[in-house]
Protein chains: 2
Amino acid sequence: MSTNDCLSGTIRHLLDAGVRPTRHRLALAELLFDGRERHVSAEMLNVEAREHLVSISLATVYNTLHHFTAAGLLREIVVDSRRGYFDTNTSDHYHFFYEDSLCLVDIPIEALEIMRLPATPAGKTIRRVEVVVRVSG
Amino acid sequence: MSTNDCLSGTIRHLLDAGVRPTRHRLALAELLFDGRERHVSAEMLNVEAREHLVSISLATVYNTLHHFTAAGLLREIVVDSRRGYFDTNTSDHYHFFYEDSLCLVDIPIEALEIMRLPATPAGKTIRRVEVVVRVSG
DNA sequence: GCGATTTTTAGAATCATTCTAAAGGGTGTT
DNA sequence: AACACCCTTTAGAATGATTCTAAAAATCGC
Ligand SMILES: [Mn+2]
Ligand SMILES: [Mn+2]
Ligand SMILES: [Zn+2]
Ligand SMILES: [Zn+2]
């Protein structure tokens, strides 16, 4: 019987990633990791936290999103040069981006196949291959 | 013999796109459409204009970049949520993004093949399929 | 509980981009 | 040329997302 057997799933989730499960981080983690695929901006998550009566500063939302990202619990997606998005799905996958509603929707990795990737530039490492299908209408 | 036979290539380029070839637009177009593949931010182009002794306001650089983009002379690329890039290559192609130096390099369309694109969401139109290969090191 | 280390916070600062409103330029008409 | 009309350029202010600062609060190991 490990010493953590009685911890909630969310606390375990944070501990496993090496993130100290403070009150605020737990509250945000509960909102983020609820099973749905989520693509949130800092401002969106801040609003959501307030709706759930969690008192938190916007700076802490930013701190936490970056912290979770560094710990591998989130990944950052760039689709809009005005706003950053964070994705709760950290596995390899791609995205639809609805330009009108600014919504992101996952494209599972197996729904798309990339062939003949060009040679990696000398001395460089590929960090990620991003595919964004921009749709509107 | 058309009435435009004696115009410079740059003026013709703008006229053909339906853009009035004003002094400032011509200066920026000369910098942008010099044959190289270019991926510039507004700030980069502004600095370049000043280096070439072109007196221009940053607002005009933004106006012109957006104008050229609307006219199909440029396209906008999103790789960094802090800054927008404009690409002089408006044909279909993809990009390497060097995360350390913030540089973009073209990947020709034939260097990469995408198979099995997922179904387009109902009622939507695909505006573009973007591929960004992020590299570092 | 205590002291060391993190975390949280409000508010200011930063930075890219857009907006405003006024001045400047181009073009066609008389 | 003078005029009218419309488009462009401009400086500077405004905006909005994000980061920074420095001090207060929370957390952790002992
Ligand atoms: Mn970031
Ligand atoms: Mn734009
Ligand atoms: Zn996703
Ligand atoms: Zn390009």
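Residue positions are given per chain, counting from 1 as you read along its sequence in written order. Each chain takes a letter, starting from A, and each ligand takes a number, starting from 1, following the order in which they are written. Per-residue local features are limited, in this predicted model, to residues with pLDDT of at least 70; the limit for side-chain atom pairs, both in listing and counting, is 80 or more; totals at the level of whole chains, interfaces and linings are taken over all residues. To obtain the side-chain values, all non-hydrogen atoms of the structure were used and water was disregarded.

Some thoughts on the protein's contact with DNA strand D
At step 1: For DNA strand D, the set of nearby residues contains 20 residues, the closest of which are Tyr62 and Gly84 of chain A together with Thr22, Arg25 and Thr60 of chain B.
At step 2: Taken together, the sugar and phosphate atoms account for 84% of what DNA strand D places within 4 Å of the protein.
At step 3: One of the side-chain nitrogen or oxygen atoms of tyrosine 62 of chain A is found 2.4 Å away from a phosphate oxygen of DNA strand D.
At step 4: For DNA strand D, a phosphate oxygen lies 2.5 Å from a polar atom in the side chain of arginine 25 of chain B.
At step 5: Only DSSP runs of H or I covering at least 4 residues are called helices, and only runs of E covering at least 2 are called strands; the numbering of each starts at the N terminus. Listing elements by their share of the surface near DNA strand D, those giving two or more residues are helix 4 (58–70) and strand 3 (83–87) of chain A together with helix 2 (23–32) and helix 4 (58–70) of chain B. Residue proximity to a molecule or strand is established when one non-hydrogen atom of the residue lies within 4 Å of it. Any N or O atom pair separated by 3.5 Å or less is treated as a polar contact, with the protein-specific requirement of one donor-capable and one acceptor-capable atom, and with residues adjacent in sequence counted only for side-chain atom pairs.

Observations concerning the sheet that holds strand 2 (residues 75–80) of chain B
Residue and element names in this part refer to chain B.
At step 1: In short, DSSP must find at least two bridges between two strands for them to pair. Spatial strand order, 1-3-2: three strands in an open sheet with antiparallel pairing. Only two strands of the sheet have a single neighbouring strand rather than two, namely strand 1 (39–40) and strand 2.
At step 2: Pairing between strand 1 and strand 3 (residues 83–87): two bridges, direction antiparallel. Along strand 3, the bridge assignment pairs valine 40 with phenylalanine 86.

Focus on the sheet that holds strand 2 (residues 75–80) of chain A
Residue and element names in this part refer to chain A.
At step 1: The three strands are arranged 1-3-2 in an open sheet whose pairing can be described as antiparallel. Pairing within the sheet leaves two strands with one partner each, and these edge strands are strand 1 (39–40) and strand 2.
At step 2: Two elements, strand 2 and strand 3, share four bridges in a ladder whose sense is antiparallel. The partner of aspartate 80 across the bridge, within strand 3, is arginine 83.

Structural notes on the layout of surface pockets
Remark: the empty space left among the atoms is shown by a probe the size of a water molecule rolled over them.
At step 1: Volume-wise, the largest pocket comes out at about 720 Å³.
At step 2: Around the largest pocket, the lining is made up of 26 residues, and of these Glu76, Ile77 and Val78 of chain A together with Ser81 and Arg82 of chain B lie nearest the centre.
At step 3: Counting residues per element, the ones that place at least two in the lining of the largest pocket are helix 3 (42–51), helix 4, strand 2, strand 3 and strand 7 (125–136) of chain A together with strand 2 of chain B.
At step 4: Three classes are used, and their members are as follows: Ala, Val, Leu, Ile, Met, Phe, Trp, Tyr, Cys and Pro are nonpolar, Asp, Glu, Lys and Arg are charged, and the others, Gly among them, are polar. Of the residues contributing to the lining of the largest pocket, the split by class is nine nonpolar, five polar and twelve charged.
At step 5: A volume near 430 Å³ is recorded for the second largest pocket.
At step 6: As for the second largest pocket, its lining consists of 18 residues, and the residues nearest its centre are Glu99 and Arg134 of chain A together with Glu76, Val78 and Arg128 of chain B.
At step 7: Listing elements by their share of the lining of the second largest pocket, those giving two or more residues are strand 2 of chain A together with helix 4, strand 2 and strand 7 (125–136) of chain B.
At step 8: For the lining of the second largest pocket, the class distribution of residues is five nonpolar, four polar and nine charged. Method remark: on a 1 Å grid restricted to protein atoms, a set of points is classed as a cavity if a 1.4 Å probe fits but cannot get out and as a pocket if it is open with protein on both sides within 12 Å along at least five of seven lines; lining residues have an atom within 4 Å of a point. Grid points are joined across faces, edges and corners, and a volume is the space filled by probe spheres set on the points.

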